[in-house]
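# Geometric and topological summary
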Amino acid sequence: MENKQEDFKRELGLLDGTMLVVGSMIGSGIFIVSSDMVRQLGSAGWLIAMWILTGFITVIAAVSYGELSSMFPKAGGQYVYLKEAYGKLTGFLYGWSFFAVIQTGTIAAVGVAFSKFAAYLYEPVSDKNILYTLGDFKLNAAQIISIITIILLSYINSRGVKNGKILQTVLTVIKIASIFGLIIFGFLAAKASVWDANWANAWTSQSLDVASGSWLPISGSALLSGISAALVGSLFSSVAWEGVTFIAGEIKNPKRNVGLSLFLGTLIVSVIYILANLMYLAVVPLQNIATADSDRVAVVASQTIFGGIGTLIIAVMIMISTFACNNGLIMAGARVYYTMAKDGLFFKKAAVLNSESVPAWALWAQCIWASALCLTGKYGDLLDFVVIIVMIFYILTIYGIFILRKKMPDVERPYKAFGYPIIPMVYLIIATAISIGLLVFKTSTCGWGVLIMLLGIPVYYFTKPKE
């Protein structure tokens, strides 16, 4: 069945695509996760190495996706690539996981982070303000705030792609400028004594025993466990770049612009992330990074740079950042459910476009489930759930390039995967090793993520239309 996609309006250019990639990637992670990464590995060298490794594999994956996006320049992106390479079941499992955990879980985690920082400006909206208790369940003000932002952004996006696009581009430009501002002021305020002390034992791997506050040397399997745990943070901060492939149906000249915006967007973000961490190391002692209150390392850095007003500056920055991030995630996610519904693999209503040419029903279904996930409120657990499934599907998608070269040798490929087959193969080896590490060392949460994905198999066979 050929998907008729003339209904979508091609209103997004290269700048919009790049801003969607950057805006969807930079959410709350870069301001928070470095704290836990230092607790796991305990040194400046290891911290920067994790961010460089993450940046390297993210850019490799993004440029590899460029080939797929030029072969299938229509809405649905990664779902379409998986379905074409492996068949409908794998496509469905991706879409199922995407709706159940990947996109909605990320939207929820970013929404929770937004409300955490809103509490700096207005204390009553913090997660410490419990509004309702029922057994073990506690409803707090932060959860309400995160749900309100998700509803508001879903509404804005239901009014047409142009509204979402303008909001995305403006907020992302502000976000990039403010992060660069923070990095530049940070380097200007750098203290040689802090920098030198942080790099004194650059490769001494150690983990922080939170209870006693003392550092314990680690090596062997304990070091591998620390690396796996640290990578959860940097990898989570670097996902969602594939969102631009989901809206390919609304991008001008998609065969060129999707691949290019993937490369430019991931490169910009990877550079920002590495610079931000070097800035943290220039202004905050390692011990203080590891023990930052609620892991808010950017707040500690900002207070050092700007003094008392630093907390407010960073809170406003992160609110803008997470708001723009969720706007991009909400906009892109609905297009996947739309394409699945067109293939008979999701609720029929998700395939309907409203008068503004956007899949409004899909937007609201995503909104309701992401809001429900906000009620779990656990930022860390949401990260583990999301990262393992995202990595598995990145691996399958990039291996799909090899499959499709054999399966569809004659399809036009205006853009070919950079460094094929070596570079995509390097990605597959590194990403597989990371995924195995996550499953071995973080089984309790990552295992649940995989279980949710596998639950899609019986759902697929129960709901599959009879051929």
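The sections below set out a description of the structure shown in this document. (Residues numbered from 1 in each chain as written. Predicted model: local features only at pLDDT ≥ 70, side-chain atom pairs only at ≥ 80, totals over all residues. Heavy atoms only, no water.)

### Considerations on the state of the cysteines
Counted only if it meets this: Note on terminology: disulfide denotes any pair of cysteine sulfur atoms within 2.5 Å.
Enumeration over the complete set of coordinates arrives at zero disulfides. With no disulfide of its own, Cys446 lies 20 Å from the sulfur of Cys325, the closest cysteine sulfur.

### Side note on the pattern of salt bridges
Definition in use: Counted as salt bridges are all cases of a side-chain nitrogen of Lys or Arg within 4 Å of a carboxyl oxygen of Asp or Glu. Each helix is a run of H or I in the DSSP string that is no shorter than four residues. Each strand is a run of E no shorter than two, and both are numbered from the N terminus. Working definition: with a 1.4 Å probe on protein chains only, accessible area under 20% of the residue-type maximum means buried, over 50% means exposed, and in between means partly exposed.
The tally for this structure, following the rule as stated, stands at nine salt bridges. Two residues, Glu67 and Arg405, come together in a salt bridge whose shortest N-O distance is 2.7 Å. In this pair, Glu67 sits in helix 3 (residues 44-71) while Arg405 sits in helix 16 (residues 379-407), placing the two residues 338 residues apart along the sequence. The class for Arg405 is partly exposed, based on a relative accessible area of 22%. For Arg413, the salt bridge identified is with Glu67, shortest N-O distance 3.1 Å. Remark: Glu67 occurs in helix 3 and Arg413 occurs in the loop between helix 16 and helix 17 (422-441); sequence separation between them is 346 residues. For the pair Arg413 and Glu67, a shared accessibility class is recorded, and that class is buried. One connected set of salt bridges, linked through shared partners, spans Asp36, Arg39 and Asp295.

### Re the environment of Ser115
Spelled out, the test is: Contact definition: two residues touch when any of their heavy atoms are within 4.5 Å.
Within the element layout of this structure, Ser115 appears in helix 5 (residues 88-121). Among residues more than four places away in sequence, those in contact with Ser115 are Val125, Ala142, Ile145 and Ser146.

### Description of helix 1 (residues 14-25)
The condition that has to hold: Take the residue count of a helix, subtract one, and multiply by 1.5 Å to get its expected span.
A rise of 1.5 Å per residue sets the reference length of helix 1, with its 12 residues, at 16 Å; its end C-alpha atoms lie 17 Å apart and thus fit the reference within 8%. Listing the buried residues of helix 1 in full gives Asp16, Gly17, Thr18, Met19, Leu20, Val21, Val22, Gly23, Ser24 and Met25. Buried-residue contacts for helix 1 involve helix 3, helix 7 (161-188), helix 10 (243-246), helix 11 (254-283) and helix 14 (310-342).

### Regarding the pairing of strand 2 (residues 137-140)
In plain terms, the rule: Here a strand pair is declared whenever DSSP counts at least two bridges between the two strands.
Where strand 1 (residues 130-134) lies against strand 2, four bridges are found, and the strand directions are antiparallel. Across the sheet, residue Thr133 finds its bridge partner in strand 2, namely Lys138. In sequence, strand 1 turns back onto strand 2 through a hairpin of two residues, with Gly135 there showing a positive phi of about 60°.

### Notes on the packing of aromatic side chains
Test applied: Ring pairs shown here join Phe, Tyr and Trp side chains whose ring centres sit within 6.5 Å, with only the six-membered ring taken for Trp; geometry is labelled stacked below 30 degrees between planes, edge-to-face above 60, and tilted in between. By the criterion adopted, a ring carries a charge over it if an Arg CZ or a Lys NZ lies within 6 Å of its centre and within 35 degrees of its normal.
This structure, assessed with the given rule, holds 26 aromatic pairs. When the ring of Tyr94 is compared with that of Phe98, the centres are 5.5 Å apart and the planes differ by 40°; the resulting orientation is tilted. Here Phe98 and Tyr94 lie together in helix 5, a separation of four residues that amounts to about one turn. Between Tyr337 and Phe346 the ring centres are 5.4 Å apart and the planes differ by 25°, which places this aromatic pair in the stacked class. Pair check on accessibility: Tyr337 and Phe346 agree, each one buried. Each member of the aromatic cluster is reached from another via a ring pair, and the members are Tyr94, Phe98, Phe99, Phe246, Tyr337, Phe346, Phe347, Trp361 and Phe393. Between the NZ or CZ atom of Arg405 and the centre of the ring of Tyr420, over which it lies, the distance is 3.8 Å.

### Looking at the packing of helix 14 against helix 15 (residues 360-374)
The criterion, for reference: All axes are obtained by fitting lines to C-alpha atoms, using only the stretch in contact for helices, and the reported angles, taken between N-to-C directions, cover 0 to 180 degrees. Crossings are classed by handedness, with left-handed meaning an anticlockwise turn of the near helix from the far one by less than a right angle and right-handed meaning a clockwise turn. Residues were grouped as follows: Ala, Val, Leu, Ile, Met, Phe, Trp, Tyr, Cys and Pro as nonpolar; Asp, Glu, Lys and Arg as charged; and all remaining residues, including Gly, as polar.
The geometry of helix 14 relative to helix 15 is characterised by a closest axis approach of 8 Å and an angle of 115° between their N-to-C directions. Note that helix 14 runs across helix 15; the crossing there is right-handed. For the pair helix 14 and helix 15, contact is made by Leu329, Ile330, Gly333, Ala334 and Tyr337 and by Ala362, Leu363 and Gln366, respectively. Its residues placed into classes, the contact of helix 14 with helix 15 shows six nonpolar, two polar and no charged.

### A word on the side chain of Ser146
The residue Ser146 is located in helix 6 (residues 141-158) in this model. When residues no more than four places from it in sequence are discounted, the contact partners of Ser146 are Gly111, Val112, Ser115 and Cys374.

### Side note on the packing of helix 7 against helix 13 (residues 297-306)
Here is the rule: These descriptions rest on fixed angle ranges, namely under 35 degrees for roughly parallel, over 145 for roughly antiparallel, 65 to 115 for roughly perpendicular, and the rest for oblique.
Running from amino to carboxyl end, helix 7 crosses helix 13 at an angle of 55°, the nearest separation of the two axes being 10 Å. When the interaxial angle is binned, helix 7 and helix 13 end up oblique. Crossing angle aside, the handedness with which helix 7 passes helix 13 is left-handed. Residues Leu182, Phe185 and Gly186 of helix 7 form the contact with helix 13, whose participating residues are Ser302, Ile305 and Phe306. The class makeup of the residues in the contact of helix 7 with helix 13 is four nonpolar, two polar and no charged.

### Some remarks on the environment of Ala229
You can see Ala229 is positioned in helix 9 (residues 220-236). Taking relative accessible area as the criterion, Ala229 reaches 10% and is therefore assigned buried. For the pair Ala229 and Asp295, spaced 66 residues apart in sequence, the C-alpha separation works out to 15 Å. The contacts of Ala229, once residues within four sequence positions are left out, are Asp36, Gln40 and Lys442.

### Considering helix 3
Taking 1.5 Å per residue as the helical rise, helix 3 with its 28 residues ought to reach 40 Å, and the 42 Å between its terminal C-alpha atoms agrees with that figure. By the criterion of burial, helix 3 is predominantly enclosed, with 24 of the 28 residues buried.

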